[in-house]
Amino acid sequence: MGMSAAGAGGTGRGGRGHRRRGRHHGLMSEINVTPMVDVMLVLLIIFMVAAPLLTVGVPIDLPDTQAKAMNVDTQPITVSIDATGKIFLQETEIPIEELVAKLQAISKTGYDERIFIRGDKSTDYGTAMKVMARISAAGYKNIGLVSLQEQDQ
């Protein structure tokens with residue numbers, strides 16, 4: 001009767017003696033945060049790229065000015081005028097006759113609501129003035145024109 005050394009002595013691979021050799025490893029109670037950090041960095045990059053694309057839905061080529069950027073605490077109501085003269089409230093196209101009624105419906109703070117007007121460079125000046133005049137005549141006083149900051153060349 002012969003017996004193999006691995007089965008009897010427990011020193012072969014897969015035997016009990018193999019596990020007992022060296023240091024005894026218990027359950028690992030530490031969390032490996034490296035994969036979580038990798039996922040978070042990828043998500044951060046995705047949101048940094050996607051966030052500017054989500055802010056404004058109406059494509060407008062804004063004029064450049066030397067005005068300083070404003071500190072804005074709350075999200076203002078945006079009225080946009082594209083190159084063809086179409087008027088958009090936030091991202092929805094509306095006729096100029098319905099502009100004041102829609103503004104009154106969505107303004108949260110009444111006539112103190114901040115309203116930004118974004119006009120394309122090639123927008124007719126008269127159309128932009130009509131929009132501003134209607135908003136001002138309705139009683140809104142916090143009206144601002146949006147532009148890009150001029151870059152030194």
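Look a little higher up for the structure.
Residues numbered from 1 in each chain as written. Predicted model: local features only at pLDDT ≥ 70, side-chain atom pairs only at ≥ 80, totals over all residues. Heavy atoms only, no water.

K.L.:
Would you take a moment to explain the overall build of the protein for this structure?
P.N.:
A tally of helices and strands in the protein yields five helices and seven strands. Taking all 153 residues of the protein together, 23% fall into the buried category. Considering only residue pairs separated by 6 or more positions, the protein has 70% of its internal contacts joining residues 24 or more positions apart. As presented, the protein carries roughly 12100 Å² of accessible surface, and 57% of it is formed by carbon and sulfur atoms. (Helix = DSSP H or I, 4+ residues; strand = E, 2+ residues; numbered from the N terminus. Buried < 20%, exposed > 50% of the residue type's maximum accessible area, 1.4 Å probe, protein only. Contact = heavy atoms within 4.5 Å. Areas by Shrake-Rupley, 256 points an atom, 1.4 Å probe, with all protein chains shown as cover.)

K.L.:
Where do I start with the nonpolar core in this structure?
P.N.:
Generally speaking, soluble globular proteins have nonpolar side chains that are buried together. Membership of the largest hydrophobic core comes to 16 residues, with the highest contact counts inside it found for Val79, Leu99, Leu103, Ile115, Val131 and Ile135. Mapped by element, the contributors of at least two residues to this core are strand 2 (77-81), strand 3 (87-89), helix 4 (99-106), strand 5 (115-119) and helix 5 (125-137). In this structure Val79 touches Ile87, Phe88, Leu89, Leu99, Ile115, Phe116, Ile117, Arg118, Val131 and Ile135, once residues within four positions along its chain are discounted. (Core = buried A, V, L, I, M, F, W, Y, C linked by side-chain atoms within 4.5 Å.)

K.L.:
Any chance you could explain the sheet that holds strand 3 here in plain terms?
P.N.:
Picture the strands of a sheet paired through backbone hydrogen bonds; they go either parallel or antiparallel. Read from one edge to the other, the open sheet built from five strands follows the order 4-3-2-5-6, with strand pairing classed as mixed. The outermost strands of the open sheet, each flanked by one partner alone, are strand 4 (92-94) and strand 6 (143-146). Strand after strand, the sheet turns through a mean of 30° between neighbouring axes, direction not considered. Across the face of the sheet, helix 5 comes into contact with strand 2, strand 3, strand 5 and strand 6 while running at roughly 150° to strand 2. (Pairing = 2+ DSSP bridges. Axes fitted to C-alpha atoms, helices over the stretch in contact; angles between N-to-C directions.)

K.L.:
In this structure, what is going on with the environment of Lys102? I would like to understand it.
P.N.:
Tracing the sequence through the fold places Lys102 in helix 4. Residues Lys102 and Leu89, 13 residues apart in the sequence, show an inter-C-alpha distance of 8.1 Å. Ignoring anything within four residues of it in the chain, the contact list for Lys102 reads Leu89 and Ile94.

K.L.:
Please explain helix 5 as it appears in this structure.
P.N.:
Here helix 5 is 13 residues long and its end C-alpha atoms lie 18 Å apart, about the 18 Å a rise of 1.5 Å per residue gives. Within helix 5, burial applies to Thr127, Ala128, Val131 and Ile135. An end-on view of helix 5 places all buried positions within 100° of arc, on one side of the element. In helix 5, those exposed residues whose orientation departs by more than 90 degrees from the buried face are Tyr125, Lys130 and Ala137. Among the structural elements, strand 2, strand 3, helix 4, strand 5 and strand 6 are those in contact with the buried residues of helix 5. Just downstream of helix 5, Gly139 is the residue with a positive phi angle, here 115°. (Expected span 1.5 Å × (residues − 1). Arc of directions from axis to C-beta.)

K.L.:
Would you take a moment to explain the side chain of Thr123 for this structure?
P.N.:
With respect to the helices and strands, the residue Thr123 is situated in the loop between strand 5 and helix 5. Here Ile81 takes part through its backbone oxygen, which lies 3.4 Å from a polar atom of the side chain of Thr123. A polar atom in the side chain of Thr123 sits 3.2 Å from the backbone oxygen of Asp82. In this structure, Thr123 is in contact with Ile81, Asp82 and Ala83, ignoring residues within four places of it in sequence. (Polar contact = N/O pair within 3.5 Å; in protein donor to acceptor, adjacent residues only side chain to side chain.)

K.L.:
I'm lost on the pairing of strand 5 in this one. Help?
P.N.:
Every regular strand shows the same layout, with side chains that alternate between the two sheet faces. With respect to burial, strand 5 is a largely interior element, four of its five residues being buried. Two strands pair when backbone bridges link them, and strand 5 and strand 6 are joined in this way by four bridges, in the parallel orientation. Residue pairing in the sheet places Arg118 in a bridge with Val146 of strand 6. Remark: the strand 5/helix 5/strand 6 crossover connection has right-handed handedness. (Right-handed = clockwise from strand over helix to strand, strands pointing away.)

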